[in-house]
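Report on the structure
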Amino acid sequence: MRQSRLGELSVSCLGLGCMGMSDAYGDADETESIATVHAAIDAGCTFLDTADIYGNGANEELVGRALAGRRDGVVLATKFGFRLDGAGVDGSPAYAAAALDASLTRLGVDHIDLWYLHRLDPAVPVEETVGAMASAVSAGKVRYLGLSEVSGRTVRAAHAVHPIAAVQSEWSLWTRDPESDVLPALRSLGVGFVPFSPLGRGFLTGQLRTPDDFAPDDMRRELPRFMGANFQRNLDLVDAVRGLAAAKGVTPGQVALAWLLSHGDDIAPIPGTKRRTNLAENLVAESVTLTPAELTDLNAVFGADAVSGERYDEDKLKLVDRDT
């Protein structure tokens, strides 16, 4: 698989988001999840993404079991910032140090390749948090630093303390927010971008046709874009992707990932899945090329205000650091 550049870090141009193996999207099968991780590595998809909050540590433990004997050659990313006791976001240096040691233990590794601050703590200056994270680099526990869901202003402040390799935020055809502020800032600094939910939390695959497709405990039941009239309005947008995909002989999800990859080699999407079949479909996107006309058509359908509904509820949106 070809490589993307996140600052000085080289990663496979498509990664694997592991959250759904333990959290948020209904029942999981650990055996199949571990087999999916192994299949990804075998296929050259060696950029694995997790976080300490996913399943309250369970996802890191699962990824650690999957990596037993297979750590070499894998770029392992995890995040901290949400307290596992439910007490909110904590970017203090003391919490950062404790969270890192706990992640290393759960993952069963001696270092993390890319360590993100999961959300900005409004009570702690980002310079202070990143300073503490930089100490972990000096100690050999972490190789590179990242931030998640931050504004361009915050990236610049953090990067002045220690080089930031990557920013991870939601970006896809139906979430265009990073394009106006964050991406220009990253490119001015030489920082890479890692889009999470690049398939619109599954919506852009074209396989979701009704909210009844979700398990009772699926987090998407509580997201505005998947509720009420928003669902059908957004489904109408996805039908445009389905039409383009059919004409090219590929799947809608492959079109959505190819659209992201067309933006440059400093982009490394991390589509999440817990099944080998979905992984295999996603990885084909590396070889899908969209013509300038096709890109123009997609951008026209999925304009900045085309999608109905916010991507989070009001409380979760408060945790997203956005320039306004």
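Model, not experiment: these values are computed from the prediction.

Although it is not a glycine, glutamate 149 sits at a positive phi angle of roughly 55 degrees. Here glutamate 149 shows up in the loop between strand E7 (142–148) and helix H5 (152–159). Take glutamate 149: its relative accessible area is 3%, and that puts it in the buried class. If you check the backbone angles, serine 197 has positive phi at about 50 degrees while not being a glycine. Tracing the chain through its elements places serine 197 in the loop between strand E9 (192–196) and helix H7 (228–248).

With that settled, the discussion passes to the packing of aromatic side chains. Going through the model one piece at a time under the given rule, you end up with seven aromatic pairs. Where tryptophan 174 meets phenylalanine 226, the ring centres are 5.5 Å apart and the plane angle is 80 degrees; that geometry is what we call edge-to-face. Taken together, the positions of tryptophan 174 in the loop between strand E8 (166–170) and helix H6 (182–189) and phenylalanine 226 in the loop between E9 and H7 put the pair 52 residues apart, joining distant regions of the chain. Its relative accessible area of 5% is what places tryptophan 174 among the buried residues. Here phenylalanine 226 falls in the buried class, since its relative accessible area comes to 3%. Above the ring of tryptophan 174, the side-chain terminus of arginine 225 is found at 5.1 Å from the ring centroid.

Across the 10 residues of helix H2 (residues 58–67), seven count as buried, placing the element largely inside the fold. Turning to H2, its buried residues number three or more, namely Asn59, Glu60, Leu62, Val63, Gly64, Ala66 and Leu67. Glycine 69 occupies a position one or two residues after H2 and carries a positive phi of about 80 degrees.

With that settled, the discussion passes to the pattern of salt bridges. Side chains that differ in sign of charge can pair as their charged atoms come close. Applying the stated criterion to the full structure yields 19 salt bridges. Note that arginine 83 is salt-bridged to aspartate 90, the shortest N-O span being 2.8 Å. The class for aspartate 90 is buried, based on a relative accessible area of 14%. Between aspartate 177 and arginine 311 there is a salt bridge, with the nearest N and O atoms lying 3.8 Å from each other. Remark: arginine 311 occurs in the loop between helix H10 (292–301) and helix H11 (314–317) and aspartate 177 occurs in the loop between E8 and H6; sequence separation between them is 134 residues.

Quick notes on the rules
- Residues numbered from 1 in each chain as written.
- Predicted model: local features only at pLDDT ≥ 70, side-chain atom pairs only at ≥ 80, totals over all residues.
- Heavy atoms only, no water.
- Helix = DSSP H or I, 4+ residues; strand = E, 2+ residues; numbered from the N terminus.
- Buried < 20%, exposed > 50% of the residue type's maximum accessible area, 1.4 Å probe, protein only.
- Phe/Tyr/Trp six-rings, centres within 6.5 Å; stacked < 30°, edge-to-face > 60°.
- Lys NZ or Arg CZ within 6 Å of the ring centre and 35° of its normal.
- Salt bridge = Lys/Arg side-chain N within 4 Å of Asp/Glu carboxyl O.

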